[in-house]
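# Descriptive structure summary
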Amino acid sequence: MAEHDDDLVVDLSGPQWQALLTVAPPGHEPPKTVDFDVPPTGGGQELRRIGTQVVFTTARNERSGWPAWHVKIYTCASLGDAETLRQYLNAQASALQRANTYLPGAARRTPIEPPWAVVPVQVVRGDGRLEQLSGAVTTRLGVPSDQIVAQLESRLPRWIGGARPDLVLLAVSPQIEALPWEPLRHWPGTEHLADFAQLAAGIDQLHQLRWAHCDIKPENVCWCAHQDGSGYVLIDTDAATQADPPPRALRGTALYEYTGLRALRLDDPEGLRHLTPGLLYAQDRFGFLTVVLSALAGRHWVDHTLLGPDPDDPSRRVADSAEAVRHALRAHWPDPRWAPLADALAHPFGPDGRIALEAPGPWAETWLSGVRDAERRCADGDPGDGPWPDESLVHTFARDLERIRDHALRGPATRPERVHLAYRAIGEAAQEIALRRAALWMSVSGLGIVLAALVLAAAAFVIGE
Amino acid sequence: MFSSWRRRLRHRVSAGCGDPAARFAPYGHTFGEWLDTGAGSGRPDYAEVESAVAEYLGSAAKVGQRLGARTGVVLGVAGAAVTVLAVWGLS
Ligand SMILES: Nc1ncnc2c1ncn2[C@@H]1O[C@H](COP(=O)(O)OP(=O)(O)O)[C@@H](O)[C@H]1O
Ligand SMILES: [Mg+2]
């Protein structure tokens, strides 16, 4: 039983596991209006427009398992809307979770244990009735012992806004770290590349299942560390759709729109009625490119240069031509050594690249490994080309090297953050060593001269006597 | 006076050794892997990163040595002058 009027408890369970989430009241942000265009449940042609009010909050798990949760609360206008939206969100959530099943060890884990390529979302009914998701997980508002449905009307906490419980739906997902992408990277952030491997494979898997996420962009990718490593994870699954057959409406974010979709929309405002599966896959892959480039070149570079106007033809964006992207990347990383990497990153933006983006077969994993190969070719140039650094110094500074690594490893940081910490630690160690050495040589030479003068003076004194 | 000397040393080290980020970014993800595993793993590319960091520290040590020795000479000469004058005065 909820002990407090304002407590909201969600029970998630599957075979052998249970999570019990206590939902915290949301902050004071006003609700966000979000519209969905949903194909009607009974089949038929016309899309159903469902208007919702959305608030975000968090929850804590009282049982073992993932501790912190993200909660999205939808309030609909009518029972029919709530019913349609519930089925729609459930279909999205279960389709997207299938993208995680290929991950190593997935069969041994519960669906709420990492690693994930796409964050698992569970839909919970506001009216306290049981919800089953793809047979494996059941969700329910309130703990199982309080089943007095008649009381439910009065049982939603006041902060939900007084809506009827049966118009309310909750979508809960494990809360993972939102990443502050660096604004500008003047050297390619290639240390991120390894953490994209699972996400790339997950996107390919999703497309093989003929679904598309449709809103892949830097804000919708979080980072998660777990027992076996770490990786980037897609969140925000409520724009996802079946790609084949394609839907007749699309949600997404204008700034990150794929070149082909943009052309379709600009040609004819009704153009999006002629979506193809390939365009949806390409939209996801284009979004993935913006995320990888945010990691490598910086978020600001992506939002303002890559997606900004092409200096040679301001009616287009830089992202609409491989040549322009290559140019912009070369200007951003002027060291010629990075040319192979810039070329691999720019290729998907050109006409050949776009054919591959729109193809139904998998793309992301192959492309990512091509980028990693290109990065290795950059390393074939220097610094390895120069004379091999003096190894005896490694012994001289063994203790300082140890300290630098220790310092960088102590933070709970992601590898890119550790790398930055290490750069700073190296700079500080260099200053310290210089000071130590300066003090030593100052005393050696200073005392030496004073001593010599003393000896000379003493000798002069003795001779003078 | 000491703090302005410290500042000069800091400045010379930064100018002489360069920004660590600029120096080590070209190693790409190998740098991060070296941080996580160390050079003990027998990977020549990690050993190379480690040597490069040591070399960077070595160049800072050289900057310190040069400024230290020069300051030592100035202080030493001043000290010697005082010593000689003092001995003179005594005799
Ligand atoms: N599972 C999650 N873990 C961590 N943060 C999340 C999670 N889901 C959402 N968020 C945060 O909340 C923000 C908004 O949630 P999202 O589901 O993306 O809603 P919207 O559809 O409004 O973009 C995200 O940008 C992210 O910062
Ligand atoms: Mg979002």
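Residues numbered from 1 in each chain as written. Chains lettered and ligands numbered in written order. Predicted model: local features only at pLDDT ≥ 70, side-chain atom pairs only at ≥ 80, totals over all residues. Heavy atoms only, no water.

## Some words on the overall build of chain B
From N to C terminus, chain B includes four helices and zero strands. Starting at the N terminus and ending at the C terminus, chain B contains elements arranged as α-α-α-α. Against the 2.2 N^0.38 benchmark of 12 Å for 91 residues, chain B shows a C-alpha radius of gyration of 21 Å, more extended than a compact globule. For chain B, the spread of C-alpha atoms along the principal axes amounts to about 70 × 25 × 15 Å. Going through the 91 residues of chain B one by one, you find that 47% of them count as buried. Looking at chain B as shown, the accessible area adds up to about 4500 Å², and 63% of this sits on carbon and sulfur atoms. In chain B, which carries 10 positive and 7 negative side-chain charges, the distance between the mean positions of the two groups comes to 21 Å. (Helix = DSSP H or I, 4+ residues; strand = E, 2+ residues; numbered from the N terminus. Rg over C-alpha atoms; globule rule 2.2 N^0.38 Å. Buried < 20%, exposed > 50% of the residue type's maximum accessible area, 1.4 Å probe, protein only. Areas by Shrake-Rupley, 256 points an atom, 1.4 Å probe, with all protein chains shown as cover. Lys, Arg positive; Asp, Glu negative; His and termini not counted. Charge placed at Lys NZ, Arg CZ, Asp CG, Glu CD.)

## Some words on the overall build of chain A
Along chain A, the regular secondary structure elements total 12 helices and 16 strands. Over its C-alpha atoms chain A spans a radius of gyration of 29 Å, topping by over 25% the 23 Å that the globule rule assigns to 465 residues. Expressed along its principal axes, the backbone C-alpha trace of chain A runs to roughly 120 × 60 × 40 Å. The buried share among the 465 residues of chain A stands at 51%. Looking at chain A alone, contacts between residues at least 24 apart form 69% of all its contacts between residues at least 6 apart. Of the roughly 21600 Å² of accessible surface on chain A, 55% is carried by carbon and sulfur atoms. Side-chain charges in chain A split into 44 positive and 59 negative, and the spacing between the mean points of these groups amounts to 3 Å. (Contact = heavy atoms within 4.5 Å.)

## Points about the coordination of the magnesium ion (ligand 2)
Surrounding the magnesium ion (ligand 2) are the protein donor atoms A:Asn220 (OD1) and A:Asp236 (OD), which sit 2.2 to 2.3 Å from the metal. Separated by 16 residues along the polypeptide, A:Asn220 in the loop between β11 (211–212) and β12 (221–226) and A:Asp236 in the loop between β13 (229–234) and β14 (241–242) bring together distant segments of the chain. (Donors = N, O, S within 2.8 Å, 3.2 Å for Na, K, Ca; no water.)

## Comments concerning the sheet that holds strand β10 (residues 177–178) of chain A
All names here are of chain A. A sheet is described by the order of its strands in space; here three strands give the open sequence β10-β12-β13, paired in antiparallel fashion. Strands at the two margins of the open sheet, each flanked by one partner only, are β10 and β13. Bridging between β12 and β13 involves six bridges; their strand directions are antiparallel. The partner of cysteine 224 across the bridge, within β13, is glycine 231. (Pairing = 2+ DSSP bridges.)

## Thoughts on the packing of helix α3 (residues 29–37) of chain B against helix α4 (residues 44–90) of chain B
All names here are of chain B. Axis separation between α3 and α4 bottoms out at 9 Å; the angle between their running directions is 90 degrees. On the basis of their axis angle, the class for α3 and α4 is roughly perpendicular. Contact residues: Thr30, Phe31, Glu33, Trp34 and Thr37 in α3; Asp45, Tyr46, Val49, Glu50 and Val53 in α4. Partitioning the contact of α3 with α4 into residue classes produces five nonpolar, two polar and three charged. (Axes fitted to C-alpha atoms, helices over the stretch in contact; angles between N-to-C directions. Parallel < 35°, antiparallel > 145°, perpendicular 65-115°, else oblique. Nonpolar A, V, L, I, M, F, W, Y, C, P; charged D, E, K, R; others polar.)

## Details of the nonpolar core
Residue and element names in this part refer to chain A. Core analysis: the largest hydrophobic core is formed by 68 residues, its most contacted members being Phe196, Phe288, Leu306, Leu329, Leu345 and Trp367. Broken down by element, this core gets its largest block of residues, 12 residues, from helix α4 (residues 277–296). Taken domain by domain, this core gets at least three of its residues from each of domain 1 (1–175) and domain 2 (176–388). Counting residues in each nonpolar core, the second largest holds 44 residues, with Ile73, Ala93, Ile176 and Val233 among its members. (Core = buried A, V, L, I, M, F, W, Y, C linked by side-chain atoms within 4.5 Å. Domains from an automatic or database assignment.)

## What to know about the packing of aromatic side chains
This structure, assessed with the given rule, holds 15 aromatic pairs over all chains. On the basis of an interplanar angle of 65 degrees and a centroid distance of 5.9 Å, the ring pair of A:Tyr258 and A:Phe286 is categorised as edge-to-face. Taken together, the residues A:Tyr258 in the loop between β14 and α3 (259–267) and A:Phe286 in helix α4 connect sequence positions 28 residues apart. Residues A:Tyr258 and A:Phe286 agree in their burial class; the two are buried. With centroids separated by 5.7 Å and ring planes inclined at 55 degrees, the aromatic side chains of B:Phe31 and B:Trp34 adopt a geometry described as tilted. Linking B:Phe31 with B:Trp34, this pair stays in helix α3, spanning three residues, or about one helical turn. (Phe/Tyr/Trp six-rings, centres within 6.5 Å; stacked < 30°, edge-to-face > 60°.)

## Let's talk about the interface of chain A and chain B
If you look at the interface, chain A gives 46 residues, while chain B gives 54 residues. Here chain A meets chain B over a buried area of about 4500 Å², counting both sides, of which 75% is carbon and sulfur. The three residues of chain A that bury the most area against chain B are A:Arg405, A:Tyr423 and A:Gln431, which together make up 14% of that side's buried surface. Taken together, chain A and chain B are joined by one salt bridge. Between A:Arg418 and B:Asp36 there is a salt bridge, and its shortest N-O distance comes to 2.8 Å. (Buried area = accessible area lost by both parts, 1.4 Å probe. Salt bridge = Lys/Arg side-chain N within 4 Å of Asp/Glu carboxyl O.)

## Overview of helix α2 (residues 197–208) of chain A
Here α2(A) is 12 residues long and its end C-alpha atoms lie 17 Å apart, about the 16 Å a rise of 1.5 Å per residue gives. Looking one or two residues beyond α2(A), the residue adopting positive phi is A:Arg210, at roughly 65 degrees. (Expected span 1.5 Å × (residues − 1).)

## What about a positive patch on the surface?
All names here are of chain B. Residues Arg8, Arg12, Lys62, Arg66 and Arg70 make up a contiguous surface patch of positive charge. Listed by contribution, the elements that provide at least two residues to the positive patch are α1 (2–17) and α4. Ranked by residue count, the leading element in the positive patch is α4, at three residues. Along the chain, arginine 12 falls in helix α1. The exposure class of arginine 12 is partly exposed, given its relative accessible area of 32%. (Patch = residues over 30% accessible without salt bridge, like charges linked within 9 Å, V, L, I, M, F, W, Y side chains within 5 Å.)

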